[in-house]
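Notes for the structure review
As a plain string of letters, each chain reads:
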Amino acid sequence: MKTFCKRVLSLMMLSASCSAFSLNSSPSIVRSSSQVLHAKRDLLRMPTETPMVPYKPPGSDYAQFIDIYSRMYRDRIMMIGRYIDENAANEIISIILYLRKEDSDGPITLYFNVPGGDLRPSLAVYDLLMQTKEFCELSTVNLGLCAGMGAMLCGAGTKGRRCAMPNSRFLLQRTGMDQPFQGQASDIGLEVANMKIMNDKMEKELSKMTGQTADKVLADMKRDFYLSSEEAVRYGLIDKVLLPAARKRSTTGQDADLGAFEGEDQQKYQNGESSGFGGGWKDVGAKQDKKDDDYEPPIVKQ
């Protein structure tokens, strides 16, 4: 009997200790659960912010995802859409040199939407473009805005292949120092004099490119000089404005890219009275094909 009582007493003490342990540990469990409920997860994102597109390499049975810019490089198309500094200039130069290595005389297309650029790196890109267009056809297209050195680079393409969209803009302006310069007064004077020499050289290149006199270019660039796409054609900076063909059908089997623009001798936007942004202009080299795209089946008399 005494043994039985001892066992019962030991079981009661064990149960009491277990209940005490559970009461003491319950607040920590509640706190941990509340912390889990209020935790925030980061947004799930792709490994890169650059759009990825499928690409099937030649001779391969499977497609792989690559960034869209690399896919465009395979077609010798390059998109320049950022401020041109040292890093951007090195990237542009390396890509163009690679495309020249792959095909020394193949055409290259450059699309510009440049807010500006540093003088020295942009001149390095300009020298390469001037050398490249001697061996291959270099097409340039202004998509939105080409400011500062971007306007000069857009005009450095092959004559007849320098284009712009109807609502695009050009901004010609002198370029200042790339970054703040500190030092003795004599050193600052030398830096300013060197910058003026480089700007004068840029104005001479613009004079050769556009056919305008050096005095006119100098007078125009005393302040910010804006040009619409059609004004840039008259100024000599580009050759033509790209306008879509009226009622162009997408079932013709042609790729709908920015270079597949057609029109009559006097281009008009969707057969409207006006020719898009600005006034009117004539494209002498355009195809004079006046056939309509609409197809009407013949009427069969029974």
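Each chain has its residues counted from 1, running along the sequence as written. Per-residue local features of the predicted model are confined to residues with pLDDT of at least 70, and side-chain atom pairs are confined, for both listing and counting, to 80 or more; whole-chain, interface and lining totals are unaffected and use all residues. By convention in this description, side-chain values take in all heavy atoms of the structure and omit both hydrogens and water.

**Examining the overall build of the protein chain**
For the purposes of this entry, the term helix denotes a DSSP run of H or I that reaches at least four residues, the term strand denotes a run of E that reaches at least two, and both are numbered from the N terminus. What the protein chain contains, in helices and strands, is eight helices and nine strands. Buried residues are those whose accessible area, probed at 1.4 Å on protein chains only, stays under 20% of the maximum for their type, while exposed residues exceed 50% and partly exposed ones sit between those limits. Counting the 302 residues in the protein chain, one finds 31% classified as buried. When contacts within the protein chain are restricted to residue pairs at least 6 apart in sequence, long-range pairs at least 24 apart make up 65% of them. Whether two residues touch is decided by their heavy atoms; if any such pair falls within 4.5 Å, the residues are in contact.

**Points about the side chain of N142**
Examined against the element boundaries, N142 turns out to sit in strand β5 (residues 138-147). For N142, a relative accessible area of 0% puts it in the buried group. Only 3.3 Å separates the side chain of N142 from the backbone nitrogen of G144, close enough to count as a polar contact. Beyond its immediate stretch of four places on either side in the chain, N142 contacts F112, C154, C163, A164, M165, S168, R169 and F170. Two N or O atoms count as a polar contact when they lie within 3.5 Å, although within protein this holds only if one can serve as hydrogen donor and the other as acceptor, and sequence-adjacent residues are included solely when both atoms are side-chain atoms.

**Considering the pairing of β5**
Summarising burial for β5: seven of the 10 residues are buried, a large majority. Both strand β4 (residues 108-114) and β5 contribute to a ladder of six bridges, which runs parallel. Directly across from I108, in β5, lies its bridge partner L138. What joins β4 to β5 is helix α4 (residues 119-132), and the crossover it makes is right-handed. Two strands are counted as paired when DSSP detects at least two bridges linking them. When β5 meets strand β6 (residues 162-164), the two strands line up parallel, connected through three bridges. Note that in β6 the partner of V141 across the bridge is C163. Here β5 runs beside strand β7 (residues 169-172); their pairing, made up of three bridges, is parallel. Throughout, right-handed denotes a crossover for which the path from the first strand over the helix to the second runs clockwise when the strands point away from the viewer.

**Section: the confidence of the model for the protein chain**
Per residue, pLDDT captures the predictor's confidence, and it can take any value from 0 to 100. Residues of the protein chain with pLDDT of at least 70 account for 64%, and the chain-wide mean is 76. Looking at the elements of the protein chain, mean pLDDT is at its lowest for helix α1 (residues 2-37), recorded as 56, and at its highest for β4, recorded as 95. Taken together, the stretch residues 248-253 has pLDDT below 50 and engages in six contacts with residues farther than four places along the chain or on a different chain. Note on residues 259-293: pLDDT is under 50 here. Beyond four places in sequence and across chains, it has 64 contacts.

**Digging into the packing of α4 against helix α6 (residues 185-210)**
Each axis is a line fitted through C-alpha atoms, taken for helices only over the stretch in contact, and angles between the N-to-C directions span 0 to 180 degrees. It is at 11 Å that the axes of α4 and α6 come closest, and there the two elements cross at 35°. Crossing of α4 against α6: the hand is left-handed. Judged by residue contacts, L119, R120, L123 and Y126 of α4 engage E191, N194, M195, M198, N199, M202, E205 and M209 from α6. Residue classes follow a fixed rule: Ala, Val, Leu, Ile, Met, Phe, Trp, Tyr, Cys and Pro count as nonpolar, while Asp, Glu, Lys and Arg count as charged, and any other residue, Gly among them, counts as polar. The residue makeup of the contact of α4 with α6, split by class, is seven nonpolar, two polar and three charged. If you view the pair so one helix is near and one far, a crossing is left-handed when the near helix is turned anticlockwise from the far one by less than a right angle, and right-handed when it is turned clockwise.

**Notes on α4**
Here, expected helix span is obtained from the residue count minus one, scaled by 1.5 Å. In a regular helix each residue adds 1.5 Å, so 14 residues correspond to 20 Å; α4 covers 20 Å between its end C-alpha atoms and thus fits that length. Along α4, the residues that are buried comprise L119, P121, S122, L123, V125, Y126, L128, L129 and T132.

**As for the packing of aromatic side chains**
Stacked, edge-to-face and tilted are the three classes for Phe, Tyr and Trp ring pairs, Trp counted by its six-membered ring, which pair at centre distances within 6.5 Å; planes under 30 degrees apart are stacked, over 60 edge-to-face, the rest tilted. In the structure shown here, the tally under the stated rule is one aromatic pair. Arranged with centres 5.4 Å apart and planes meeting at 55°, the rings of F225 and Y235 form a pair that is tilted. Of this pair, F225 sits in strand β8 (residues 225-228) while Y235 sits in helix α8 (residues 229-235), placing them 10 residues apart in sequence. The class for Y235 is buried, based on a relative accessible area of 8%.

**Observations regarding unusual backbone geometry**
For residues that are not glycine, phi is negative in most cases, and the peptide bond is trans in most cases. Positive phi outside glycine occurs at R76, with the angle close to 60°. Under the relative-accessibility criterion, R76 is labelled buried at 12%.

**Some words on the nonpolar core**
F112, L129, M152, F170, L172, L206 and L237 are the most contacted members of the largest nonpolar core, which has 45 residues in total. Per element, the largest residue contribution to this core is six residues, and it comes from α4. Among residues more than four places away in sequence, those in contact with F112 are I80, T140, V141, N142, L143, G144, C146, L153 and C154. By size, the runner-up hydrophobic cluster in this structure holds five residues, among which are V141, C163, M165 and L242. Here, the term nonpolar core denotes a set of buried Ala, Val, Leu, Ile, Met, Phe, Trp, Tyr and Cys residues that are joined through side-chain atoms within 4.5 Å.

**Examining the pattern of salt bridges**
A pairing counts as a salt bridge when a side-chain nitrogen of Lys or Arg comes within 4 Å of a carboxyl oxygen of Asp or Glu. Overall, the coordinates contain eight salt bridges when judged by the stated rule. The shortest N-O distance in the salt bridge between R161 and E137 comes to 3.7 Å. One end of the pair, R161, is in the loop between α5 (149-154) and β6; the other, E137, is in the loop between α4 and β5, and 24 residues separate them in sequence. We classify E137 as partly exposed; its relative accessible area is 37%. What you see here is one network of salt bridges that share partners, running through R174, K196, D200 and E203.

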